[in-house]
Amino acid sequence: MIKTFFSSLRIIFHLFILVLVYVFYLSRDLPSLERLETFDPAMLSTLYDRNGEVIGEFYIQKRVFVDIEDMPEHLKNAAIASEDKRFYSHWGVDLQSFFRAVVVNISSMSFRQGFSTLSQQLARNLYKEVGFKDSITRKLKEMITAIQIERTYTKDEILEMYLNTVHFGHGTYGAESAAKRFFNKNASDLTIGESAMLVGLLPSPANYSPLRNLNKAIGRRSIVLKLMYNQDFISYQDYMEHNSIVPDNIYYEIPKGKAPYFAEHVRRILEQQDEQLGINIYQDGLKIHTTLDYRLQKIAEDSVMQTLKKNQDEFNRQLFANKEKFSQLAYLSIFDADSVKMMLDGQIELYEELRKELLVQCAFIALDTKTGEILAMIGGRSDYPDEFNRATQALRQPGSVFKPYIYTAAIDNNYPVTTQLLNQPVALYRNNAKGEREKWTPGNYDKSTGGLTTLREGLQKSLNLISVRMVQELVPPRQVKDIAQRMQITTPIRAVDSIALGTSEVKPIEIVASYSTFANKGIYSSPIAITRIEDKYGRIIKEYSIDQKEVLSPETAYMVTNLLQSVVDSGTGGSLRWKYKFRHPAGGKTGTTQNLSDAWFVGFTPNITAGVWYGIDEYSVSLGDGQYGGVAALPAWASFMKNAHNELNISKDDIEVEVKENALSIRSKDKVEEEVESDDGNVIHRGIAKRHFERTFTIADDTVVKGAELKDGLLSVELERIIPEEKKAKLINIK
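Keep in mind the model is a prediction, meaning the values are calculated, not measured.

A. Expanded view of the overall build of the chain. A tally of regular secondary structure across the chain gives 26 helices and 27 strands. Looking at the chain as a whole, 49% of its 735 residues qualify as buried. If you take every contact in the chain between residues at least 6 apart in sequence, the share linking residues at least 24 apart comes to 66%.

B. Structural view of a negative patch on the surface. A grouping of Asp-67, Glu-69, Asp-70, Asp-156 and Glu-157 is seen on the molecular surface, where their side chains present a negatively charged patch. Summarising the element assignment, Asp-156 is placed in helix H7 (residues 155-165).

C. How the structure looks around the sheet that holds strand E7 (residues 360-368). Ordered by their spatial adjacency, five strands build an open sheet running E8-E7-E19-E18-E17, and the pairing between neighbours is antiparallel. Both outer strands of the open sheet, strand E8 (374-378) and strand E17 (587-592), are each paired with one neighbouring strand and no more. Pairs of neighbouring strands in the sheet enclose a mean axial angle of 5°, with direction left out of account. Examined bridge by bridge, E17 and strand E18 (residues 598-604) share six bridges and lie antiparallel to one another. Bridge pairing in E18 links Gly-588 to Gly-603.

D. Representation of the pairing of E8 within the structure. Most of E8 is tucked away: five of the five residues are buried. Summarising the sheet, E7 and E8 pair through four bridges and their orientation is antiparallel. Its bridge partner lying in E8, Ile-365 is registered against Met-377.

E. Summary view of the sheet that holds strand E4 (residues 167-169). Read across the sheet, three strands follow the order E3-E5-E4 without closing on themselves; strand pairing throughout is mixed. The open sheet has two free edges, formed respectively by strand E3 (62-63) and E4, since each of these has just one partner strand. Here two bridges tie E3 to strand E5 (residues 172-173), and the two strands are oriented parallel to one another. Bridge assignment links Lys-62 to a residue of E5, and that residue is Thr-172.

F. Representation of helix H9 (residues 192-201). Here H9 lies mainly inside the structure; ten of its ten residues are buried. For H9, every residue scored as buried is listed here: Ile-192, Gly-193, Glu-194, Ser-195, Ala-196, Met-197, Leu-198, Val-199, Gly-200 and Leu-201. As for H9, its buried residues are in contact with helix H3 (73-83), E4, helix H8 (175-183), helix H10 (205-208), helix H11 (214-230) and helix H12 (236-243).

G. Just unusual backbone geometry, in detail. A positive phi angle is found at Asp-232, which is not glycine, with a value near 65°. Assignment of secondary structure puts Asp-232 in the loop between H11 and H12. Phi is positive for Lys-447, close to 70°, though the residue is something other than glycine. Following the sequence through the fold, Lys-447 ends up in the loop between strand E11 (437-440) and strand E12 (452-454). For Lys-447, a relative accessible area of 74% puts it in the exposed group.

H. Region of the structure containing the packing of aromatic side chains. Using the criterion set out here, one finds 13 aromatic pairs in the structure. Between Tyr-405 and Tyr-515, the ring centres sit 6.4 Å apart and the planes meet at 80°, which makes this aromatic pair edge-to-face. With Tyr-405 in helix H18 (residues 403-412) and Tyr-515 in helix H22 (residues 508-519), this residue pair connects regions lying 110 residues apart in the sequence. Residue Tyr-405 is classed as buried on the basis of its relative accessible area, which comes to 0%. A residue is classified by how much of its surface remains accessible, and Tyr-515, at 0% relative accessible area, is buried. Connected via pairs of aromatic rings, a cluster forms that spans Phe-402, Tyr-405, Tyr-515 and Phe-518. Taking the ring centre of Phe-87 as reference, the NZ or CZ of Lys-155 above it sits at 4.7 Å. We note Arg-220 situated over the ring of Tyr-208; from NZ or CZ to the ring centre the distance is 5.2 Å.

I. Highlighting the pairing of strand E2 (residues 54-58). Bridging between strand E1 (residues 45-48) and E2 involves four bridges; their strand directions are antiparallel. Looking across to E2, one finds that Ser-45 is bridged to Phe-58. As consecutive antiparallel partners, E1 and E2 are separated by five residues, and within that stretch Gly-52 has a phi angle of approximately 90°, a positive value.

J. Main features of the pattern of salt bridges. Enumeration according to the criterion identifies 27 salt bridges in this entry. Glu-618 is paired through a salt bridge with Lys-356; the nearest N and O atoms lie 4.0 Å apart. Of this pair, Glu-618 sits in the loop between strand E19 (608-616) and helix H25 (629-632) while Lys-356 sits in helix H17 (residues 355-358), placing them 262 residues apart in sequence. Since its relative accessible area comes to 24%, Glu-618 is described here as partly exposed. Classification of Lys-356 by relative accessible area gives partly exposed; the value is 45%.

K. A nonpolar patch on the surface, seen in detail. A surface patch of nonpolar side chains, amounting to about 270 Å² of accessible area, comprises Tyr-445, Tyr-628 and Val-631. Take Tyr-445: it is sitting in the loop between E11 and E12. Owing to a relative accessible area of 42%, Tyr-445 belongs among the partly exposed residues under this scheme.

L. Region of interest: the nonpolar core. Counting residues in hydrophobic clusters, the biggest one holds 76 residues, and the most contacted among them are Tyr-405 and Ile-511. Ignoring any residue separated from it by four or fewer positions in sequence, one finds Tyr-405 in contact with Val-480, Ile-483, Ala-484, Met-487, Ile-489, Ile-511, Ser-514 and Tyr-515. Judged by nonpolar contacts, the second largest core, of 48 residues, contains Ala-300, Leu-358, Val-621 and Ala-638.

Cut-off values and rules
Residues numbered from 1 in each chain as written. Predicted model: local features only at pLDDT ≥ 70, side-chain atom pairs only at ≥ 80, totals over all residues. Heavy atoms only, no water. Helix = DSSP H or I, 4+ residues; strand = E, 2+ residues; numbered from the N terminus. Buried < 20%, exposed > 50% of the residue type's maximum accessible area, 1.4 Å probe, protein only. Contact = heavy atoms within 4.5 Å. Patch = residues over 30% accessible without salt bridge, like charges linked within 9 Å, V, L, I, M, F, W, Y side chains within 5 Å. Areas by Shrake-Rupley, 256 points an atom, 1.4 Å probe, with all protein chains shown as cover. Salt bridge = Lys/Arg side-chain N within 4 Å of Asp/Glu carboxyl O. Lys, Arg positive; Asp, Glu negative; His and termini not counted. Charge placed at Lys NZ, Arg CZ, Asp CG, Glu CD. Pairing = 2+ DSSP bridges. Axes fitted to C-alpha atoms, helices over the stretch in contact; angles between N-to-C directions. Phe/Tyr/Trp six-rings, centres within 6.5 Å; stacked < 30°, edge-to-face > 60°. Lys NZ or Arg CZ within 6 Å of the ring centre and 35° of its normal. Core = buried A, V, L, I, M, F, W, Y, C linked by side-chain atoms within 4.5 Å.

Structure (structure tokens):
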């Protein structure tokens with residue numbers, strides 16, 4: 001008897017030693033104590049606009065960390081009631097659940113019953129070494145790691161880590177991300193029923209997702225609510241109330257970034273710098289502060305898409321009227337004509353195979369004129385998003401938008417704007433696609449001709465013949481190419497005669513940034529998208545500075561700016577004034593290419609430089625007859641600029657009005673710029689006046705000034721007589 005006892009004891013002892021050895025063996029691959037003490041889950045990085053509004057996120061696992069104090073009590077209670085009711089009493093492993101699971105699994109010879117505590121689930125979620133495959137080895141690893149976690153952290157810290165790391169489905173990790181995804185709210189704002197529904201997802205997020213099967217999700221919510229009631233976390237009244245609610249606030253729409261093309265632009269910049277900065281934009285929880293102004297982004301999207309719809313409608317109208325062209329472009333031998341028409345009218349989605357030839361596309365970029373900061377960016381249609389950012393990647397012919405570089409070269413070579421050239425056809429020779437010499441006779445877009453014409457009038461009316469003669473008689477193609485490169489056009493510019501018509505491809509972002517140089521007195525500012533990067537604790541990793549250099553003399557920049565202002569005031573861009581009522585000081589240029597494949601408008605004010613482009617991705621397809629830059633592109637630019645300046649409260653008057661009790665002072669905000677020209681139009685003096693313009697109006701002694709407003713050069717003054725209640729408004733024209 002005694003012998004048998006000692007034999008049994010020896011066997012138990014040896015088994016115990018074997019278990020210890022096996023546990024020690026398993027422990028070698030488990031996370032070290034140092035790793036356990038450092039809780040650092042993968043966190044999404046957030047993009048902010050210049051005003052602090054969230055505009056995008058970068059992540060592999062969508063997780064936002066929130067403190068336990070910011071989570072509602074009923075969310076924590078739901079997790080405990082459903083997943084680990086003895087959470088606060090065990091030491092990482094719930095022995096009662098463990099022995100029950102052993103009995104059930106041995107009797108069924110399968111893994112039918114689980115016994116994972118929150119700590120064990122956390123161990124599995126945090127550390128890859130533990131694994132997910134159902135096996136005894138994995139369970140032992142899980143238990144060992146859970147015990148170590150319990151020794152390292154408090155219960156509240158474990159609960160906080162669990163609710164920030166657990167997977168809720170649809171790519172969301174943690175309660176905050178799940179609350180945003182399913183209910184479009186913060187975790188702190190969840191109701192009892194919403195918390196119960198989220199926790200109910202945990203056993204199988206794919207099966208119980210309310211986005212896929214609302215009835216199953218409601219069933220799981222009922223189970224969790226019942227458990228919360230049974231464990232005294234909620235009252236019977238709360239249980240009945242929240243169990244009876246049919247959710248009507250499930251957020252089915254997939255959240256989209258607020259400026260997707262800009263966010264992708266930022267991502268590509270950071271992926272080139274991540275090794276140098278020692279960051280991972282998908283896991284480090286970075287705060288990326290950008291230059292974008294989301295207020296202007298929304299205005300840009302509305303303006304560009306409204307004009308795009310009109311351009312698409314006009315394209316459709318002309319396409320449907322040309323049966324041969326429609327049959328060719330729409331592949332009517334394969335696709336049904338009526339179906340394609342419905343697609344182009346926006347009733348159903350257009351086949352991907354037809355988008356390159358049949359969709360009017362767009363690009364838009366707006367920069368701060370003085371700093372180059374990107375204020376808004378659109379790289380394509382919002383209804384057919386893709387990965388190709390036409391604002392930064394597309395290579396398109398600029399057409400007449402390129403002409404200011406020719407005029408810049410001429411002015412830089414001391415040709416006055418009063419220089420006259422003959423507005424008559426000129427015959428040139430060029431190599432065709434086969435390399436053969438052929439005769440080329442360019443003409444004006446409206447087929448017009450004329451006599452001697454000044455350079456100013458040539459740009460005002462966008463006369464191709466004047467541009468061609470400038471390249472022939474004043475500035476050779478090589479000089480024009482040098483000017484374009486000096487103004488930071490990096491795409492290959494062909495120094496040939498056709499440079500006069502803008503036949504070398506450019507990127508929209510580069511030509512817009514280049515235009516801002518004119519309005520910034522010859523100072524070029526590189527486009528900048530990021531202002532600073534912070535880590536998840538708010539510590540600055542890198543601050544980005546403005547990159548500027550002088551590429552033109554202030555005198556040359558001033559004269560070209562003046563020429564481009566005349567385009568807007570009385571040239572091809574004149575509809576900005578008389579039709580769209582844009583009154584701010586502005587300069588710009590329309591652009592149209594051969595075959596009407598591209599329509600542009602690029603221009604500036606002292607505050608914003610912007611450019612818009614429309615075209616078909618397949619360059620050989622035309623936008624349609626009559627779709628010139630002033631028709632197809634200028635309206636979007638006008639709408640954006642007008643609304644953007646209103647949104648930013650930028651006054652169109654450079655004059656301040658100071659109201660005193662008996663006097664009114666009108667004073668220019670900036671020192672007046674003065675220019676003296678000789679009789680032949682050459683500028684012989686240009687400079688800044690030493691004094692501000694100022695004028696004072698004295699009011700009668702028996703009258704006081706109640707208010708004044710300056711609008712479009714007209715000063716409206718409200719006066720009040722001191723004696724009996726008599727008021728009147730007086731207009732003083734100071735133009």
